[in-house]
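Structural overview for review
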Amino acid sequence: MPEKGKLPQMKNKLRVLRAERQWSQGELSQRLGVSRQAINAIETEKHDPSLDLAFKMAALFEMTIEQIFEPERNASQGEKQ
Amino acid sequence: MTAEGAMTMQSSGKKNKWRWRFAALLIAGMATGAGLGFAIGKLIKHAHPATQASGADVTALSLAAFYIGSAVLFLWIASNRMRLARILEGNAAETPASDDEVRSCVYQAVVMALAGVLLALPIFAARLFSHNSQQRELSFAGIALLFAVQTVYNVRLWRVSDEFIRSAMATTAALTFAVGQGGLFLWAAAEHMSLVKPVSAWDLLLDMMLLYIFAGALVSVRTARRE
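Within chain B, the regular secondary structure consists of seven helices and zero strands. For chain B, the sequential pattern of α-helices and β-strands runs α-α-α-α-α-α-α. Within the span of chain B, comprising 227 residues, buried residues form 30% of the whole. Partitioning the contacts of chain B with sequence separation of at least 6, the portion at a separation of at least 24 is 72%. With the model as given, the accessible surface of chain B reaches about 13,600 Å², and the carbon-plus-sulfur share is 69%.

This part covers the interface of chain A and chain B. Taken residue by residue, the interface counts 24 residues in chain A and 26 residues in chain B. Interface area for chain A against chain B, summed over the two sides, is near 2,100 Å², with a carbon-plus-sulfur share of 48%. By the criterion of area lost to chain B, the three top residues of chain A are R15, R36 and K46 of chain A, representing 33% of everything that side buries. The tally of links between chain A and chain B comes to two salt bridges. Among the salt bridges present, the one from E101 of chain B reaches R36 of chain A, with a minimum N-O distance of 3.0 Å. Linking chain A with chain B are nine residue pairs in polar contact (both at pLDDT 80 or more). Residues that form the side of chain A that touches chain B fall into these classes: seven nonpolar, 11 polar and six charged.

All names here are of chain A. Packing of helix α2 (residues 25-32) against helix α3 (residues 36-43) brings their axes to within 8 Å, and their N-to-C directions diverge by 105 degrees. Comparing their axes, α3 and α2 come out roughly perpendicular. Here Q25, G26, L28, S29 and L32 of α2 come into contact with α3, specifically with R36, I39, N40 and E43. The residue inventory of the contact of α2 with α3, partitioned by class, reads three nonpolar, four polar and two charged.

Attention now moves to the nonpolar core. Counting residues in each nonpolar core, the largest one holds 24 residues, and the members touching the most others are Y67, L84, C105, L119 and L206 of chain B. Among the secondary structure elements, those contributing two or more residues to this core are α2 (55-78), α3 (81-89), α4 (99-128) and α7 (201-222) of chain B. Here this core takes 11 residues from α2 of chain B, the largest share from any one element. In this structure, L84 of chain B is in contact with I77, A97, E101, V102 and C105 of chain B, ignoring residues within four places of it in sequence. Membership of the second largest hydrophobic core comes to 18 residues, among which are L14, A38, L53 and A58 of chain A.

What counts, and where the lines are drawn
- Residues numbered from 1 in each chain as written.
- Chains lettered and ligands numbered in written order.
- Predicted model: local features only at pLDDT ≥ 70, side-chain atom pairs only at ≥ 80, totals over all residues.
- Heavy atoms only, no water.
- Helix = DSSP H or I, 4+ residues; strand = E, 2+ residues; numbered from the N terminus.
- Buried < 20%, exposed > 50% of the residue type's maximum accessible area, 1.4 Å probe, protein only.
- Contact = heavy atoms within 4.5 Å.
- Areas by Shrake-Rupley, 256 points an atom, 1.4 Å probe, with all protein chains shown as cover.
- Buried area = accessible area lost by both parts, 1.4 Å probe.
- Salt bridge = Lys/Arg side-chain N within 4 Å of Asp/Glu carboxyl O.
- Polar contact = N/O pair within 3.5 Å; in protein donor to acceptor, adjacent residues only side chain to side chain.
- Nonpolar A, V, L, I, M, F, W, Y, C, P; charged D, E, K, R; others polar.
- Axes fitted to C-alpha atoms, helices over the stretch in contact; angles between N-to-C directions.
- Parallel < 35°, antiparallel > 145°, perpendicular 65-115°, else oblique.
- Core = buried A, V, L, I, M, F, W, Y, C linked by side-chain atoms within 4.5 Å.

Below, the structure written as structure tokens:
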């Protein structure tokens, strides 16, 4: 569970998926039509993308949204198990 | 080691170099702006000994110099697409800045330059045309026109920004409002009870601008690039 008073944040595999394809942040930002700062903020989990952007990412990586993003509560439950 | 780890380690040193260079330029700009504003304030006081350059005016001129200096810095960055890409992504940047990234940087420069001019103009107009109300009205019309142009560029900046940049803008505005209205309420209450001196709209505007800069810096630091 997220810390008390903190909004739940999504965990994501964006950096790994990007590195696997050997794309720079600039290249990925151009493919998704967002800024490099947005890509960096999502990769470092400081910003949760909109649903629209999440769908664009899923389409680009040919995955489902759930394969890229995971709610923090699920991630921490997985760590405990 | 994963491809991701190797990529990050290779680039992080170079990225830091660029970030430090940008931060140093920004701090130098702020210091120069403050010094220049103070010097201009002193100059006004010297040229018009009868009219005191108030603390608020010196603050306004310092802010104006800071904004204009920052605008020049942003234009210099935007003048080279690879330079802009390195500022945004670090030295690992391979692709030059896109049209939207250049446009966003230029719009920010225009908005900041106009903010600087708008902050300085009322001070000079008030002093230069202190005995001529018609010229003061004409100057005010010019200021209102410039403000309209700045609003157009602010809207353009919003439209060219993506969801992340818009979210940072909205957070900065919300933080400024939350702290500003709290401070304003306390001051207004104290003023109503004759505990503090009344403040002018000009003083309030400058306080809000300073608060906005600090809020913007805080939001930027919290969402800053991190490897």
